[in-house]
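Notes for the structure review
Chain by chain, the residues:
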Amino acid sequence: EAGVTQSPTHLIKTRGQQATLRCSPISGHTSVYWYQQALGLGLQFLLWYDEGEERNRGNFPPRFSGRQFPNYSSELNVNALELEDSALYLCASSLRTGDRAYGYTFGSGTRLTVV
Amino acid sequence: SQKIEQNSEALNIQEGKTATLTCNYTNYSPAYLQWYRQDPGRGPVFLLLIRENEKEKRKERLKVTFDTTLKQSLFHITASQPADSATYLCALDMRTGNQFYFGTGTSLTVIP
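Residues numbered from 1 in each chain as written. Chains lettered and ligands numbered in written order. Predicted model: local features only at pLDDT ≥ 70, side-chain atom pairs only at ≥ 80, totals over all residues. Heavy atoms only, no water.

What follows covers the pairing of strand 4 (residues 31-37) of chain A. Residues and elements named next belong to chain A. Of all 7 residues in strand 4, 7 are buried; the element is thus mostly enclosed. Where burial is concerned, the two faces of strand 4 agree: the one with Ser31, Tyr33, Tyr35 and Gln37 and the one with Val32, Trp34 and Gln36 are both buried. Pairing of strand 4 with strand 5 (residues 44-50) involves 6 bridges; the strand directions are antiparallel. Residue Ser31 lies in a different strand from strand 5, and its bridge partner there is Asp50. In this structure, the hairpin formed by strand 4 and strand 5 is closed by a connection of 6 residues, where Gly40 is found at a positive phi of approximately 80°. (Buried < 20%, exposed > 50% of the residue type's maximum accessible area, 1.4 Å probe, protein only. Helix = DSSP H or I, 4+ residues; strand = E, 2+ residues; numbered from the N terminus. Pairing = 2+ DSSP bridges.)

To continue, consider the interface of chain B and chain A. On the chain A side, the residues contacting the 21 residues of chain B number 21 residues. On the chain B side of the interface with chain A, the three residues burying the most area are Asn98(B), Phe100(B) and Phe102(B), jointly 31% of the side's total. Remark: the boundary between chain B and chain A carries 0 salt bridges. For the pair chain B and chain A, the number of links is 4 residue pairs in polar contact (both at pLDDT 80 or more). Those elements that provide at least two residues to the side of chain B that touches chain A are strand 4 (32-38), strand 5 (45-51), strand 9 (86-93) and strand 10 (100-102) of chain B. Residue contributions to the side of chain B that touches chain A peak at 4 residues, all from strand 4 of chain B. (Contact = heavy atoms within 4.5 Å. Buried area = accessible area lost by both parts, 1.4 Å probe. Salt bridge = Lys/Arg side-chain N within 4 Å of Asp/Glu carboxyl O. Polar contact = N/O pair within 3.5 Å; in protein donor to acceptor, adjacent residues only side chain to side chain.)

Another point: the layout of surface pockets. There is about 400 Å³ of room inside the largest pocket. Within the residue set of the lining of the largest pocket, elements represented by two or more residues are strand 5 of chain A together with strand 1 (3-6) and strand 10 of chain B. The dominant element in the lining of the largest pocket, judged by the number of residues it contributes, is strand 10 of chain B, at 3 residues. Its boundaries defined by the atoms lining it, the second largest pocket holds a volume of some 320 Å³. Lining the second largest pocket are 19 residues, and of these Gln37(A), Gly40(A), Leu41(A), Gln38(B) and Thr87(B) lie nearest its centre. (1 Å grid on protein atoms, 1.4 Å probe; cavity = no way out; pocket = protein on both sides within 12 Å on 5 of 7 lines; lining within 4 Å. Points joined across faces, edges and corners; volume = space filled by probe spheres on them.)

Next up on the list: the packing of aromatic side chains. A full pass over the atoms with the stated rule returns 17 aromatic pairs over all chains. Relative to Phe45(A), the ring of Tyr35(A) lies with its centre 5.6 Å away and its plane at 65°, an arrangement referred to as edge-to-face. Residue Tyr35(A) is located in strand 4, and its partner Phe45(A) is located in strand 5; the two are separated by 10 residues in the primary sequence. Between Trp35(B) and Phe75(B) the ring centres are 4.8 Å apart and the planes differ by 20°, which places this aromatic pair in the stacked class. Taken together, the residues span a long stretch of sequence, with Trp35(B) in strand 4 and Phe75(B) in strand 8 (residues 72-77) at a distance of 40 residues. The two residues Trp35(B) and Phe75(B) agree in class, both being buried. Following the ring pairs from residue to residue traces out a cluster consisting of Tyr33(A), Tyr35(A), Phe45(A), Trp48(A), Tyr104(A), Phe106(A), Tyr36(B), Phe46(B), Phe100(B) and Phe102(B). (Phe/Tyr/Trp six-rings, centres within 6.5 Å; stacked < 30°, edge-to-face > 60°.)

Structure representation (structure tokens):
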């Protein structure tokens, strides 16, 4: 069974540009979560999507947005990039009503560097 | 303010010894507490979950304790091996909102 896949692996953008990150969840998982992991900081919750809807949002500005497609894959968009947006962006998936005993399954992340 | 604190220093231990990692939190009331392992450049991998009404959970060489009065979880790796070297993260699950709150992690190095 394929795990959570993220693309691209690395992304270099200039300040002010837009970045688009993609995530494919495990087959059968309907929930997708996005986290930001900046150097030296813990994972910070960004967004939760389920069944195509945004269900919860972390404490990030509106220039962080995303969507979930009918096949449950997801896209994270970051507009007007700032240097401090440089981080590892992690996507995770789970069953909507899944037993929490299995935790989340994370992808390997997209390393975004803003120069 | 809300805080989740893990061992501030990296942890180095000798192979075969027991590694003990701590996770302390303030101003949270988690329903569950999870532990993850993260290797450099990779996403976290789920290890164990413990519920608020459980005191201890074991899985092979891993043991987790959860004290909701002290607001602390301890994570033990017995008979440690160099392959256990990684960063270990604790995550608090509030039950609602499907939002986890992660600590910054503890870097563990097991010396052969």
